[in-house]
Amino acid sequence: MERRDIEIFLTLAEELHFTRTAERLGVSAARVSQTIKQLERRFGVALFQRTSRQVALTPVGSALREDVEAGHRRIQEGIAKAVAAGRGFTGTLRVGFSSPLVGEALMAAAEAFRARHPGGEVRIREVHLSDAFGALRTGELDLQITELPVREPDLASGPALLRDPRVLAVSARHPFARRDSVTVEDLARDAVLVPADAPAYLLDAIIPARTPGGRPVRRERVLTSRQELLTLVSGGAGMAVVGNQATRYHARPDIAYVPIAGLPPIEYGPVWPAGGRTDRVRSFLALLQAELDR
């Protein structure tokens, strides 16, 4: 039996209706009828009982369906795997994240990716503040969702997928802890703690070097991890500009998070090695965007 003959036979065995079978396969009803007649002549036995009101499988037709269906399913699965391999959907996609809010969305997108691309796997890992792009450059990650902007000659980035309002993290003993909000001018009061190896362009985008009134903002490069940040802030070593997600994921009695008026949200978007935006990466990003749009 040819592959198309098998598809027509199995579809008719399921639908038991020539017109519906033709519509489902995108062929004419005459083609369906002709194929079944040819098969019956070849086998020398009726596969379907036909009346003006109904179509039903004969015992031989039922037995043939059972025998053919399992093999056809395996063939289809094999073809799907081959196509997926050709498009880069098999194997493991390694994705990094720099914030827990992004990590949560990545987990949901990973489940959707596995369901859509059997044979494909997604591994997710956190990217440390001390080495923002090292894993991308060494090939340990295929994709990373991180703070924007990213201006690295060997990396490419996409548009923002997620935005998080900025807040100021201060010790619960700090005078700002009792305020409903702070302004950009208030950033000049104390040292603002930042990751030790953060690119200057990223710091400028997230924490202004000067206030609108011209006062310098003292940015101290001391952090290598989020836990270190929380420890230093709680001890009064300085303040930190973080996303509002910290109120959910890093709530602590010794730290207060105060909204900052006058600063836009922190943006998070995709970053990948230059030339590494494969079909697999595109598919995952589409699923991630759909998850974030919910």
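What counts, and at which threshold
Counting starts from 1 at the beginning of each chain's written sequence and moves along it residue by residue. Two thresholds apply to this predicted model, a pLDDT of at least 70 for residue-level local features and 80 or more for giving and counting side-chain atom pairs, whereas whole-chain, interface and lining totals are computed over all residues. Processing note: side-chain calculations cover all non-hydrogen atoms of the structure and skip hydrogens and water entirely. Think of each axis as a best-fit line through the C-alpha atoms, taken over the contacting stretch in the case of a helix, with angles from 0 to 180 degrees between the N-to-C directions. Secondary structure elements are defined from DSSP: runs of H or I of at least 4 residues count as helices, runs of E of at least 2 residues count as strands, and each element is numbered from the N terminus. Oblique is the label for any angle not under 35 degrees, not over 145, and not in the 65 to 115 range, which are roughly parallel, roughly antiparallel and roughly perpendicular in turn. If you view the pair so one helix is near and one far, a crossing is left-handed when the near helix is turned anticlockwise from the far one by less than a right angle, and right-handed when it is turned clockwise. Contact definition: two residues touch when any of their heavy atoms are within 4.5 Å. Nonpolar residues are Ala, Val, Leu, Ile, Met, Phe, Trp, Tyr, Cys and Pro. Charged residues are Asp, Glu, Lys and Arg, and all others, Gly as well, are polar. Here a polar contact is taken to be a pair of N or O atoms separated by no more than 3.5 Å, where protein atoms must pair a possible hydrogen donor with a possible acceptor and residues adjacent in sequence count only if both atoms sit in side chains. By definition, a salt bridge exists where a carboxyl oxygen of Asp or Glu is found within 4 Å of a side-chain nitrogen of Lys or Arg. Each residue gets one of three labels from its accessible area relative to the maximum for its type: buried under 20%, exposed over 50%, partly exposed in between, using a 1.4 Å probe on protein chains only. Criterion used throughout: strands pair if DSSP finds at least two bridges between them.

S.K.: Looking at this structure, how should I read the packing of helix 5 (residues 100-116) against helix 10 (residues 279-293)?
M.R.: Each packed pair of helices is defined by two parameters, the angle between the axes and the distance between the axes. Contact pair helix 5 / helix 10: the axes reach a minimum separation of 9 Å and the direction vectors enclose 125°. In terms of orientation, helix 5 and helix 10 fall into the oblique class. Of the two elements, helix 5 crosses helix 10, and the hand of that crossing is right-handed. Mapping the contact onto sequence places Ala-105, Leu-106, Ala-108, Ala-109, Ala-110, Ala-112, Phe-113 and Arg-116 in helix 5 and Arg-280, Ser-283, Phe-284, Leu-287, Leu-288, Glu-291 and Leu-292 in helix 10. Residues belonging to the contact of helix 5 with helix 10 are distributed by class as follows: 11 nonpolar, one polar and three charged.

S.K.: Sorry, what's going on with unusual backbone geometry here?
M.R.: In terms of backbone geometry, most residues other than glycine have negative phi values and most peptide bonds are trans. The amide bond that connects Leu-148 to the next residue, Pro-149, takes the cis arrangement and shows omega of 5°. Residue placement: Pro-149 occurs in the loop between strand 5 (143-147) and strand 6 (155-157). At Leu-16, a position not held by glycine, the phi torsion is positive, near 55°.

S.K.: It is not clear to me how the side chain of Thr-21 should be interpreted in this structure. Could you clarify?
M.R.: With respect to the helices and strands, Thr-21 occurs in helix 2 (residues 18-25). In this structure the side chain of Thr-21 is engaged in a polar contact, spanning 2.8 Å, whose partner is the backbone oxygen of His-17.

S.K.: So what exactly am I meant to see when it comes to the pattern of salt bridges here?
M.R.: Within the structure shown, the criterion is met by 23 salt bridges. For Arg-114, the salt bridge goes to Glu-121, with nearest N and O atoms at 2.7 Å. Classification of Arg-114 as partly exposed rests on a relative accessible area of 25%. For Glu-121, a relative accessible area of 31% translates into the label partly exposed. Through salt bridges with shared partners, one network takes in Glu-14, Glu-15, Arg-20 and Arg-24.

S.K.: Would you explain the pairing of strand 14 (residues 266-273) in this entry?
M.R.: The two faces of a sheet get side chains in turn, since along a regular strand they alternate between them. Among the eight residues that make up strand 14, six are buried, leaving the element largely enclosed by the rest of the structure. Bridge analysis of strand 5 against strand 14 gives four bridges, and the strand direction is antiparallel. Of the residues in strand 14, the one forming a bridge with Thr-146 is Gly-269. As paired strands, strand 7 (residues 162-164) and strand 14 are joined by three bridges and run antiparallel to one another.

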